[in-house]
Every structure is written in C-alpha cells, then in structure tokens.
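# An overview of the molecular structure
Chain by chain, the residues run as shown.
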Amino acid sequence: MPGAAPPRRIEGFPVTADTTEVGGASQTATTAGARAHARAQHGRAAEFMRHIPADASPTRPPDVPAGRLVWSETVAPGGYTTAVLSRGTRVRLADPDGDACAHLLLHRADATHERLNIADTVKVPWQAYLGTGHPLLSGFGRVLATIVADTSGAHDALTGTTTLAGNEEKYGAGAPESASPAGRQLFLLGALKHGLSQRDLPPSLSFFQGVRVGSDGTFTWQGSSGPGTHVDLLLHVDAIVLVANTAHPLDPRPEFTCSPLRIHAWPAASDLDRLVAGQLIGPLGPEHRQAVANTDADLAARGVQ
C-alpha cells in the first residue's frame, strides 16, 4: 500500500507476518502477541549466532570429533562475544573470508584481577610477533593460554584495539550500535556480563591483521594472510574469554571493513601434558616452561590440581 511503513525487521531473522502491524497495532503490542512472536522464533537459525548445543554447529571443524564441541559461534562484523571456559579447553578462532580481526582479552575465571598482560606476553618470551608456541601471560608470571596452532601469521600484540574517539574521527561513529563499533566499547559490553568494568580492560591482542615495526619505530599494517586461516589457543586456567570482531586500528581503508569470525572450542586436557612434554608443538623455551610451572604451582595451592 503506498505510503505504508515497511515491516519491522527482527535482526537475524526474516521478516514474517507476525512482525507487521494489523489494524494499526503491532501484533507484539500485547503480552500474548509478544509471547506468540517470541515462540515463533524458536528453532530458527541466524547467520550470526551461538549454536546451542555447540555440536549443532554447521561449521564444526573436520578435525574435531562429533559431540566434542562446547562453544560454536559465528561473530558478526562489528560484533562481540564472551564465554567462560575450563582449563584444558582448545579454542579455535577462524577467519573464513579474510577480513576478520579477533581482538582478545583473557581473565582468570576464579581471580579476575589476574588477566592478560601484553607487556609480559611480548617481553618474557623475547618475541613481539605472535605465532605457534607463544605464551599469553598474566602480570603474575603465569601463562593463561598458549598458541598451539597458527595458519595465519598475521597478528598484532602492539597497538591494541579501536577506541570510541578514534572511530568517531575515522568513520564518524564508534558506539556499539553503530555501523563502525569500537573494540573498547564492545569489550565493555562483554565485561559487564561478568561483573567487570572499564578498569578491568587492559590492552588486547589482535589476530588475523598483522602489524610490523620498522627500523625507525613506526608501525606498518600488513592486513590479513587471506581467507581460510585459523589460530588455536590452549587454556592453562579456567578463563573468561572476551572477543571483539572489529576493524584493526591501523587499517588504512576509509570504510569500516570487517568480515565474520568463527569460534569453536572443545576439551583437550591431554594437550596440556603433551605441550609441556614437548610432544604437541615441540620443546618450549625456558621462560615458557617457567610460566607453566608458576601456573601449575598456583593451581596446586588453590586445590585445583
């Protein structure tokens, strides 16, 4: 009908008749109508969602046996997600289309004051560039996770994530609900779900968008290694995982550019023993072994081991 308002769109779902107005009133204007509409969504699949149960994932990695997944999700461009995972969980971040940028923070689930420390993550292993075998350390000299697989090699531990002010200047907006959300704003939304706040958000790591430092100290954005790459993290502690999928702060493209990010996680406690024994990715460096020993000693003192 000319001049009629278009049907209201429910994010992630196709427009259906029960989202339109009938006789000038929305069918969700009443409790009964809202309930009927909500129940009609049950079982529908959206492109960007967490799969429950996780093993219902249509993108389960072929090397993960059926029935093993504990987390499966496709994170939208400009989206975020969070989960609490157990020690010995293997987390795979994947960039299927080549423009994802997974900004990551880790907090210990049983002691949230202990969290990812970028300075020590770079300093202790004597390596600024992330890759297979790199420990992700806290400020207590303990390892929170180890990178145990990497087919990308394009990552960044130096420049952090985007800010509200930076995105407003570059794209014209940076709020979470905007078309160009800033990583810090997305992290805050995830942190609030765990009783954390702005003060609990240190600098973060970025996966799938590389940065290198020149001889003059300047940073150079290298972009991604292309579509179809992934990174596996092995958790050494029960951890709160915060992930924001948004453009890299040094991305020179004038338009906000980001593509979907896939996350899968599954129990792999035996990999911890194989890692320390040098059987998973080869021998660990002395600093890495000491950080593992520090972590295990703390867990033993807490009665976890």
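The coordinates are above.
Given the structure is predicted, the values throughout are model-derived calculations rather than measurements. (Residues numbered from 1 in each chain as written. Predicted model: local features only at pLDDT ≥ 70, side-chain atom pairs only at ≥ 80, totals over all residues. Heavy atoms only, no water.)

Turning next to the side chain of Arg90. Within the element layout of this structure, Arg90 appears in strand β5 (residues 89–95). A polar side-chain atom of Arg90 sits 2.9 Å from a polar atom in the side chain of Asp232. Engagement of the side chain of Arg90 in a polar contact is seen with the side chain of Asp271, the distance being 3.1 Å. Apart from the residues lying within four places of it in its own chain, the contact partners of Arg90 are Val148, Ala149, Asp232, Leu233, Leu234, His264, Ala265, Trp266, Ala268, Asp271 and Leu280. (Helix = DSSP H or I, 4+ residues; strand = E, 2+ residues; numbered from the N terminus. Polar contact = N/O pair within 3.5 Å; in protein donor to acceptor, adjacent residues only side chain to side chain. Contact = heavy atoms within 4.5 Å.)

Tallying each qualifying case throughout the model produces 18 salt bridges. As a salt-bridge pair, Arg274 and Asp271 come within 3.0 Å of each other at their nearest N and O atoms. Pair noted here: Arg274 and Asp271 are both in helix α5 (residues 269–276), with a separation of 3 residues, about one helical turn. Assessed through its relative accessible area of 35%, Arg274 is described here as partly exposed. For the salt bridge of Arg302 with Asp298, the shortest nitrogen-to-oxygen distance reads 2.8 Å. Overall, Asp298 belongs to the buried group, its relative accessible area being 13%. Counted as one network, the salt bridges with shared partners bring together Asp63, Arg90, Arg92, Asp232, Asp271 and Arg274. (Salt bridge = Lys/Arg side-chain N within 4 Å of Asp/Glu carboxyl O. Buried < 20%, exposed > 50% of the residue type's maximum accessible area, 1.4 Å probe, protein only.)

Burial runs high along strand β6 (residues 102–108): 7 of the 7 residues are buried. Burial along β6 is two-sided: Ala102, Leu104, Leu106 and Arg108 and His103, Leu105 and His107, pointing in opposite directions, are all buried. In terms of strand pairing, β6 meets strand β11 (residues 205–207) through 3 bridges, oriented antiparallel. Of the residues in β11, the one forming a bridge with Leu104 is Leu205. As defined by bridge partners, β6 adjoins strand β15 (residues 239–245) across 7 bridges and the pair is classed as antiparallel. The partner of Leu106 across the bridge, within β15, is Val241. Relative to strand β7 (residues 111–115), β6 is paired through 2 bridges, and the arrangement is antiparallel. Across the sheet, residue His107 finds its bridge partner in β7, namely Arg115. Here β6 folds back onto β7, and the loop between the two strands holds 2 residues. (Pairing = 2+ DSSP bridges.)

Evaluation of the coordinates by the stated rule reveals 1 aromatic pair. With centroids separated by 5.6 Å and ring planes inclined at 80 degrees, the aromatic side chains of Tyr171 and Phe256 adopt a geometry described as edge-to-face. Of the two residues, Tyr171 is situated in helix α3 (residues 164–171) and Phe256 in the loop between β15 and β16 (261–267); the sequence distance between them amounts to 85 residues. Note on Tyr171: relative accessible area 18%, which makes it buried. The ring of Tyr129 carries the charged tip of Arg212 above its face, separated from the ring centre by 3.9 Å. (Phe/Tyr/Trp six-rings, centres within 6.5 Å; stacked < 30°, edge-to-face > 60°. Lys NZ or Arg CZ within 6 Å of the ring centre and 35° of its normal.)

Take the environment of Tyr80 next. Residue position: Tyr80 is located in strand β4 (residues 79–85). Between the C-alpha atom of Tyr80 and that of Gly190, which follows or precedes it by 110 residues, the distance is 7.2 Å. If we ignore the near neighbours within four places in the chain, the residues touching Tyr80 are Val75, Leu186, Leu189, Gly190, Lys193, Val243 and Ala244.

By the element assignment, Phe48 lies in the loop between α1 (31–40) and β3 (71–75). In contact with Phe48, other than residues within four places in its own chain, are Thr74, Val75, Ala76, Pro77 and Pro260.

With that out of the way, let us pick up α5. Within α5, burial applies to Asp271, Leu272 and Leu275. One side of α5 holds all its buried residues, which, seen down the axis, span an arc of 110 degrees. Of the surrounding elements, those touching the buried residues of α5 are β5, β9 (143–150) and β14 (229–235). Phi for Gly278, located one or two positions after α5, is positive at around 80 degrees. (Arc of directions from axis to C-beta.)

Right, let's get into the sheet that holds β9. Read across the sheet, 6 strands follow the order β3-β16-β5-β14-β9-β8 without closing on themselves; strand pairing throughout is antiparallel. The open sheet is flanked by β3 and β8 (135–137), the only strands paired with a single partner. Going across the sheet, the axis of each strand differs from the next one's by a mean of 20 degrees, ignoring polarity. Of the strand pairs in this sheet, β3 and β16 are connected by 5 bridges, and their pairing is antiparallel. Each residue of the ladder has a partner; that of Glu73, found in β16, is Ile263. (Axes fitted to C-alpha atoms, helices over the stretch in contact; angles between N-to-C directions.)

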